[in-house]
Amino acid sequence: MKKLLILFITTFLINSCNSQSKKEKMETTNSNKANEDTSYTTYLPLMKKLLKDNNYNYPKNEEFRKRIREYTGVDLENSKYNDVYLKNGKGFIALDNEGFIDSYQVDRGSIDGAGDAFSDILSGGLNESLNEDFINYNKVLFNDDLLSIAKVIADKKIIDDIVVYFNYEKNLNLYTTLINSIKKIDDHPKDFNLALLWYNDKSKPEIIREKIISDLENKNPQYIYDLTYFLFLNNKKINEVDEKLINKTLAYLINIQLKRDDEKDLSSNKGYQLLNNFYVQNAQFLETLQNSNYFDFKMVDKYTQIYLSLKKEQTYPGYIQDLDGYTNLRKEKSSSSQIIEKIKSGENIEILDNSGDWWLIVTHKGNTGFVHKSKIVIQ
């Protein structure tokens, strides 16, 4: 399949490139015919035969388009592009209704005179696992095949692609396996974490992936806490996503954590910690939420009023006193929590909350976090 005529989908967004129209099917944008990739016509019959030999049930055109739109956000019927390339989902989708995705990530054609390696792969001569993945991608995504789903669960190689990048949430066992496998945010690349947040199909009534976020929050609340911080810290770098959607997603993530800790005091309410830290670090975020009526998230509204009320009260000036010459500003109330900043001994700070053993402070750099009370002197 031609890689010059593609539509990039970076897991959560579709970025169009200057490709050709359907009328110019399979013609390269490069006028130099020597550079034209004609291999697709060679490999298409081999891929079709491989699927047929493994009992793949080709969906009707209408069903194929419906699922592609659901999984990728691309409307094949109205798209002017010839191919869709799912960058992180590892799949090509042809627009002329071949009825399957090409998930192979290998070079086509002869390599240094060694012959046609990809034909050997498709014929079962090389790397049988690539063929197995190709079959499972298609039988899961378009046939909802239970045997293939069981293989994906057992193998776990492509489970992220199917559930996260392709937004496939139909099978409970597959979905639950994915949820249980997610442990720490640093275990996954940036695009994986962003793909957890939004559906590819932006025509859905609700674009935020509330189900997977909610289930993750119930199973692994720390992950959602870290995911919220991740989105806040990276929101200016996500140029492809509408700013309003980013802010609404942040409000949603904070809201579910405020709900979880609603009965706790503020020093133990992790949702409030996020809200407070974000407001201190970015006053514009507070203004944005106020102007948007907090996107109708009641807990965000409630705790913002608490924040504003407390802000009117006098904060305590203080400074750091540590025999080591510095102390660590922590993300959470724990000596094993992530270090935000190293504060030199003698440096002035503002104390926002002095309840408990870990005090919430603001440094002169504007960073907000926790320091053990034994390292702080109130002026």
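Cut-offs and rules
Residues numbered from 1 in each chain as written. Predicted model: local features only at pLDDT ≥ 70, side-chain atom pairs only at ≥ 80, totals over all residues. Heavy atoms only, no water. Helix = DSSP H or I, 4+ residues; strand = E, 2+ residues; numbered from the N terminus. Buried < 20%, exposed > 50% of the residue type's maximum accessible area, 1.4 Å probe, protein only. Areas by Shrake-Rupley, 256 points an atom, 1.4 Å probe, with all protein chains shown as cover. Axes fitted to C-alpha atoms, helices over the stretch in contact; angles between N-to-C directions. Left-handed = near helix turned anticlockwise from the far one by under 90°. Contact = heavy atoms within 4.5 Å. Pairing = 2+ DSSP bridges. Core = buried A, V, L, I, M, F, W, Y, C linked by side-chain atoms within 4.5 Å. Phe/Tyr/Trp six-rings, centres within 6.5 Å; stacked < 30°, edge-to-face > 60°. Lys NZ or Arg CZ within 6 Å of the ring centre and 35° of its normal. Salt bridge = Lys/Arg side-chain N within 4 Å of Asp/Glu carboxyl O. Expected span 1.5 Å × (residues − 1). Arc of directions from axis to C-beta. Parallel < 35°, antiparallel > 145°, perpendicular 65-115°, else oblique. pLDDT = per-residue confidence, 0-100.

Q: Where do I start with the overall build of the protein chain in this structure?
A: Counting its regular elements, the protein chain contains 14 helices and twelve strands. Across the 379 residues that make up the protein chain, the buried fraction comes to 50%. For the protein chain, the accessible surface area stands at approximately 18,500 Å², while carbon and sulfur atoms represent 47% of it.

Q: Would you mind showing me how to read the packing of helix α9 (residues 210–219) against helix α11 (residues 243–260) here?
A: A pair of packed helices can be characterised by two numbers: the angle between their axes and the separation between those axes. One can describe the packing of α9 onto α11 by two numbers: an axis separation of 11 Å at closest approach and a directional angle of 35°. The handedness of the crossing between α9 and α11 comes out as right-handed. The residues of α11 that touch α9, namely those facing Glu210, Ile213, Ser214, Glu217 and Asn218, are Tyr252, Leu253, Ile256, Gln257 and Arg260.

Q: Before we go on, may I ask you to explain the pairing of strand β6 (residues 316–320) in this structure?
A: Both faces of the sheet carry side chains from a regular strand, because those side chains alternate between them. Sheet topology note: the β6/strand β9 (residues 348–353) ladder contains four bridges and is antiparallel. What sits directly across from tyrosine 316, in β9, is isoleucine 351. Inspection of the sheet shows β6 paired to strand β12 (residues 376–378) by three bridges, in the antiparallel sense. Across the sheet, tyrosine 319 pairs through a bridge with valine 377, a residue of β12.

Q: Would you take a moment to explain the nonpolar core for this structure?
A: Generally speaking, soluble globular proteins have nonpolar side chains that are buried together. Residues Ile162, Leu174 and Trp198 are the most contacted members of the largest nonpolar core, which totals 87 residues. For this core, the element with the highest residue contribution is α11, accounting for nine residues. The next biggest cluster of nonpolar side chains, apart from the first, holds nine residues, and it includes Ile343, Ile349, Ile351 and Ile361.

Q: Any chance you could explain the environment of tyrosine 319 here in plain terms?
A: Looking at where tyrosine 319 falls in the secondary structure, it is placed in strand β6. A relative accessible area of 24% places tyrosine 319 in the partly exposed class.

Q: Where do I start with the packing of aromatic side chains in this structure?
A: Within a pair of aromatic rings, the relevant descriptors are the distance that separates the centres and the angle that separates the planes. This model, assessed by the stated rule, comprises 19 aromatic pairs. Judged by centre distance (3.9 Å) and plane angle (10°), the ring pair of phenylalanine 232 and phenylalanine 278 falls under stacked. Pair noted here: phenylalanine 232 is in helix α10 (residues 221–234) and phenylalanine 278 is in helix α12 (residues 270–281), with a separation of 46 residues, a long-range link. The same class applies to phenylalanine 232 as to phenylalanine 278, namely buried. Every member of this aromatic cluster is reached through a ring pair, and the members are Tyr225, Tyr229, Phe232, Phe278, Tyr279, Phe285 and Tyr307. For the cation-ring pair, lysine 270 lies above tyrosine 225, with the distance from its terminal atom to the ring centre recorded as 4.5 Å.

Q: Please explain the pattern of salt bridges as it appears in this structure.
A: Any two side chains of opposite charge can pair, on the condition that their charged atoms come close. Within this structure, the stated rule accounts for 18 salt bridges. Across the pair aspartate 215 and lysine 211 runs a salt bridge whose closest N-O atoms are separated by 3.3 Å. Of this pair, aspartate 215 and lysine 211 both sit in helix α9, four residues apart, which is roughly one turn of the helix. Two residues, aspartate 261 and lysine 264, come together in a salt bridge whose shortest N-O distance is 3.3 Å.

Q: How should α10 be read in this particular structure?
A: Think of an α-helix as turning once every 3.6 residues; residues three or four places apart then point the same way. In this model, α10 (14 residues) spans 20 Å end to end at C-alpha, consistent with the 20 Å of a helix rising 1.5 Å per residue. Burial runs high along α10: eleven of the 14 residues are buried. Three or more residues of α10 are buried, namely Tyr223, Ile224, Tyr225, Asp226, Leu227, Thr228, Tyr229, Phe230, Leu231, Phe232 and Asn234. Check the buried side of α10 and you find it contacts α8 (190–195), α9, α11 and α12.

Q: How do you make sense of the pairing of strand β11 (residues 368–372) when you look at a structure like this?
A: Across the five residues of β11, four count as buried, placing the element largely inside the fold. Bridging between strand β10 (residues 358–363) and β11 involves five bridges; their strand directions are antiparallel. Across the sheet, the residue bridging to leucine 360 is phenylalanine 370, located in β11. Joining the antiparallel neighbours β10 and β11 is a turn of four residues, in which glycine 366 adopts a positive phi near 95°.

Q: Would you mind showing me how to read α9 here?
A: Residues of α9 that are buried: Ile212, Ile213, Leu216 and Glu217. Taken around the axis of α9, the buried residues stretch over an arc of 135°, which confines them to a single face. For α9, exposure combined with an orientation more than 90 degrees from the buried face picks out Asn218 and Lys219. Where α9 is buried, its residues touch α7 (172–181), α10 and α11.

Q: Sorry if this is basic, but what is going on with the packing of helix α2 (residues 61–72) against helix α4 (residues 128–143) here?
A: Packing of α2 against α4 brings their axes to within 10 Å, and their N-to-C directions diverge by 100°. Considering the angle they form, α2 stands roughly perpendicular to α4. Here α2 contributes Phe64, Arg67, Ile68 and Tyr71 to the contact with α4, which in turn contributes Val140, Leu141, Phe142 and Asn143.

Q: Would you take a moment to explain the confidence of the model for the protein chain for this structure?
A: Reading fine detail from the predicted coordinates is not recommended where pLDDT is low. When pLDDT is averaged across the protein chain, the result is 82; 81% of the residues are at 70 or more. α7 holds the highest mean pLDDT among the elements of the protein chain, 97, whereas strand β1 (residues 7–9) holds the lowest, 32. Note that pLDDT drops below 50 for residues 1–37; the model gives that stretch 105 contacts with residues more than four away or on any other chain.

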